[in-house]
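Notes for the structure review
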Amino acid sequence: MDSDGKQLLLKQTINSVTGKAEWEPENLDEHDYFTDIARSSYADMLHDTERNKMYNDAIKLAVSDMHKRGKVAKVLDIGTGTGLLSMMAATAGAEIITAIEVFSPMAKVAEIVTKENGFEKIQIINKHSTEVQLGEDMKEKANILITELFDTELIGEGALNAYHHALHNLMEENCIAVPHKATTYVQIVESKKMLKWHQLFPIKIGKNIEIKPNPELIYGSGVPAVHDIQLTQFPTDEFKVLSKPTSVFEFEWGSKALKNEPRSKMAEVRATTSGTAQVVLSWWDLQMDQAGNIILSTAPIWCHPTPHNMQWRDHWIQSVYFLPNQMHYNKDDIIKLKAFHDEYSLWFNIDDCDVINQQCSRPLCDYPPRMLWSRPRLEMLNDEHRNNILVDALQSLDVQGNILCLSDFSLLPLFASQTWKESKTIALEKSAITQRGLYELVKFNKIDNVEVIRYEAEDISKCLDNAKIALLAGEPFFASSYLPWHDLHFWYARSQLDANLSAGCKVFPCKAYLCLAAVEFTDLWKIRAPVGEVEGFNISTMDKMINEALEKKEYNEPEPHALWEYPNTMITKPVRVMCFDFEQCVPDKVVSSIGKSILPDSIAQVCHGVVLWMEYQLTPNTQHCITTGVLPASLDGEFNVDHSAPKWNMHHRQAVFFLREPVKLSNAKTVKYDLEFKPESGNINMKYELH
């Protein structure tokens, strides 16, 4: 308790930048849930005008149909959120409406929003739907079931369990469901670029560098989570389509025959061209009404029913699955695709067998080190261009003595050990799992001059036994990093190790730069834009609550996004705004950067925010530079970028600082930035103004 009697919880966290343990008080009575809501996808869903209209039209039909049966329309809305779908049902004439919302802050929003719109009869229940009791929470069963419980994988949020419970416990016989049905589709493709998200490929650079992945890093399942992306933005020249879109599973949402149990199906798919089946792409359609006249599709652009009039959305995108067996097929061959799902996930396989294993369980990775490589991290490690720059930069250095490598489960120790075979390379790892992974990779490649040591982030030097270091090297990359500058953990580690660095020790990278540019987004701005009115209903209360939560913060916070998935226009020239000198220790004083960027004539009309990323100068040679942001990396701060369609690094998420309100470029000439790097915390506070 604090002095005012409020509940406080002290949470210990490890600062991912400084490596220090920190205690943070959290007021349990006033947790800022509306900031959580602001960072969620609620606004994105409410800006999905196609979704909203289709739900509204289908709900009107359902209520009308129930009335035609001579029955009172009794609606159960599971996962009501703001109460939008319940208000649609009330407007359509439903007499009884029960809305369920498990997330307490959203349940409060629904209470307020529905009453402000004049719908007193909507009953809000703050429970999980499977906990709702008939006769206690609901007086009688409903006959219209409305839900929006879907994610990119369709069933990943527990839709099957929620539907099964509702149909058997809370709904009348012959009820109507909105949506009525869902169908999942797949398309088989060949793509080495996509496969780089899944497995480590052999690496050979010049005469000295050769790394062969051990089998555990090639075969098997890898990261268990589905890889969901905006497939429409994936380069079409980086994959070959081997089949037409094929339906695999249907889910009848209003039928008691719907099971929350595993299912399997074999789909015989004809190969449309020759190639190797490596990856399955998947999406789904919703049939909103019983007649099948209202169809919502989440298909990518090349097979979307209305490719020239697609609704942009980020809450439902597309899924990428990696086949455990990769098989070559000739044109017109039959591909025997085995499809499976349990209560939450889908997975796929191919083989020549005509029989499907009904008991097949979801594939799980049985090699923990591989699980710690995210999909983008694996692609980063497989990036030939990036690896060539790293090796070329390393080989340009004259190193006599011990080499220390500091990055999470990196290939850098193997590059360094093969470059300087007479030197000892020490690789530091934070976790026992990554320590094991790197050790086994080193052993598999028969490298005998690498020692893999586990370290504690708060006292790195303790594990070195006063060893002197001639080269301190990092990519840098740390899995715990959330924003681009969180990899400055390398700088803090370098400062801890200062006494271990020999005279003339080389630090790789030698410098880092924070870069920024102002942008206009084609669509991404919608996830943070006020909702206002949706289908004639006033949702501005939620906007107000979110704004009040954000106003409590002195500084707005940037958030990470993989910008290759979100078309944008760069409306100022990219610029380096801060330099971090890794050859020196982290300073004690705040580092400030104040400046402005001119807004030139542009095809853009609005500034939605500022994008930030890091560049790392590996050696004094300015050509040895890698970037986490716009491509290509700058040459000594000079960027060569297509401003109308900048190309972003696919391995990293960039930081996006959304302006509270978009600014029309006709009203502004410059973007003024004010940034402060706080050495004590590793945070960067930032403010922007357009004039």
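Above: the structure in question.
In this section: the pattern of salt bridges. In total, this model carries 25 salt bridges according to the counting rule given. The partner of Asp57 in a salt bridge is Lys53, with the nearest N and O atoms 2.8 Å apart. On the criterion of helical spacing, the pair formed by Asp57 and Lys53 is a turn pair, its members being four residues apart in helix H3 (residues 49-68). Judged by relative accessible area, which is 26%, Asp57 ranks as partly exposed. The partly exposed category is assigned to Lys53, whose relative accessible area is 45%. Between Lys181 and Glu250 there is a salt bridge; the shortest N-O distance is 3.8 Å. Of this pair, Lys181 sits in strand E8 (residues 181-190) while Glu250 sits in strand E13 (residues 246-252), placing them 69 residues apart in sequence. According to the relative accessible area criterion, Glu250 is partly exposed, its value standing at 42%. Connected through shared salt-bridge partners, Asp48, Glu50 and Arg313 make up one network.

Moving on to helix H13 (residues 489-496). For H13, a buried count of six out of eight residues is recorded, marking the element as mostly surrounded by other parts of the structure. Buried residues along H13 sit against strand E20 (402-406), strand E23 (469-473), strand E24 (501-508), strand E30 (575-581) and strand E37 (670-678).

Let's shift gears to the pairing of strand E25 (residues 511-521). Counting buried residues along E25, 10 of its 11 residues qualify, which places the element largely inside the surrounding structure. Where E25 meets E30, six bridges bridge the pair, whose relative direction is antiparallel. Across the sheet, the residue bridging to Lys511 is Asp581, located in E30. As paired strands, E25 and strand E32 (residues 606-617) are joined by nine bridges and run antiparallel to one another. Paired with Ala512 across the two strands is Tyr616, which belongs to E32. Note that E25 and strand E29 (residues 568-570) share three bridges and pair antiparallel. Bridging from a neighbouring strand, Glu520 pairs with Thr569 of E29.

A few words on the packing of H3 against helix H4 (residues 84-92). It is at 9 Å that the axes of H3 and H4 come closest, and there the two elements cross at 40 degrees. Classified by the angle between their axes, H3 and H4 sit oblique to one another. Taken as a pair, H3 and H4 cross one another with a handedness that is right-handed. Within the contact between the two elements, H3 uses Arg51, Asn52, Tyr55, Asn56, Ile59, Lys60 and Val63 and H4 uses Leu84, Leu85, Met88, Ala89 and Ala92. Of the residues assigned to the contact of H3 with H4, the class counts are eight nonpolar, two polar and two charged.

So, about the side chain of Gln617. Positionally, Gln617 belongs in strand E32. Within the local environment of Gln617, its side chain forms a polar contact with the backbone oxygen of Pro620, the two atoms lying 3.4 Å apart. Those residues within four positions of Gln617 in sequence are excluded, and the remaining contacts are Pro509, Cys510, Lys511, Tyr513, Thr622, His624 and Cys625.

With antiparallel pairing, the three strands of this open sheet are ordered in space as E14-E18-E19. Each edge of the open sheet is held by one strand with a lone partner, namely strand E14 (263-270) and strand E19 (346-350). The sheet shows a mean angle of 25 degrees between the axes of neighbouring strands, taken without regard to direction. Here E14 pairs with strand E18 (residues 334-341) via eight bridges, running antiparallel. Following the sheet pairing, Arg263 is matched in E18 by His341.

Turning next to unusual backbone geometry. Of the consecutive residues Val178 and Pro179, the connecting peptide bond is found in the cis state with omega at 5 degrees. Here Pro179 lies in the loop between strand E7 (171-178) and E8. The amide bond that connects Glu475 to the next residue, Pro476, takes the cis arrangement and shows omega of -10 degrees. By the element assignment, Pro476 lies in the loop between E23 and H13. Positive phi outside glycine occurs at Asp332, with the angle close to 75 degrees. Along the polypeptide, Asp332 turns up in the loop between strand E17 (318-329) and E18. Residue classification places Asp332 among the partly exposed residues on the basis of a relative accessible area of 44%. Its identity is not glycine, yet Asp636 carries a phi of approximately 55 degrees, on the positive side. By the element assignment, Asp636 lies in the loop between strand E34 (630-631) and strand E35 (647-648).

To continue, consider the sheet that holds strand E38 (residues 683-690). As summarised here, the arrangement of the three strands in space is E31-E37-E38, forming an open sheet in which the pairing is antiparallel. At either end of the open sheet lies a strand with only one pairing partner, and these are strand E31 (591-598) and E38. Mean inter-strand twist for the sheet, computed between neighbouring axes without regard to direction, equals 15 degrees.

About the cut-offs
- Each chain carries its own residue numbering, running from 1 in the written order of its sequence.
- In view of the model being predicted, local features appear only for residues whose pLDDT reaches at least 70, and side-chain atom pairs are presented and counted only at 80 or more, with totals across whole chains, interfaces and linings using the full set of residues.
- Side-chain measures were taken over the full set of non-hydrogen atoms in the model, leaving aside hydrogen atoms and water.
- Any carboxyl oxygen of Asp or Glu within 4 Å of a side-chain nitrogen of Lys or Arg constitutes a salt bridge here.
- Where helices and strands are cited, they refer to DSSP runs of H or I of at least four residues and of E of at least two residues respectively, numbered from the N terminus.
- Accessibility here uses a 1.4 Å probe with only protein chains present; expressed as a share of the type maximum, an area under 20% marks a residue as buried, one over 50% as exposed, and anything in between as partly exposed.
- By definition, residues are in contact when any of their heavy atoms lie within 4.5 Å.
- A pair of strands counts as paired when DSSP detects no fewer than two bridges linking them.
- Working convention: axes come from line fits to C-alpha atoms, limited for helices to the stretch in contact. Angles between N-to-C directions cover 0 to 180 degrees.
- For this classification, under 35 degrees means roughly parallel, over 145 means roughly antiparallel, 65 to 115 means roughly perpendicular, and everything else is oblique.
- Each helix crossing is assigned a hand: it is left-handed if the near helix lies turned anticlockwise from the far helix by less than a right angle, otherwise right-handed if that turn is clockwise.
- Residue type decides the class: Asp, Glu, Lys and Arg count as charged, Ala, Val, Leu, Ile, Met, Phe, Trp, Tyr, Cys and Pro as nonpolar, and the leftover types, Gly among them, as polar.
- Two N or O atoms form a polar contact when they lie within 3.5 Å of each other; inside protein one atom must be a possible hydrogen donor and the other a possible acceptor, and for residues adjacent in sequence the pair counts only when both atoms belong to side chains.

The values are spatial; any link to function lies outside them.
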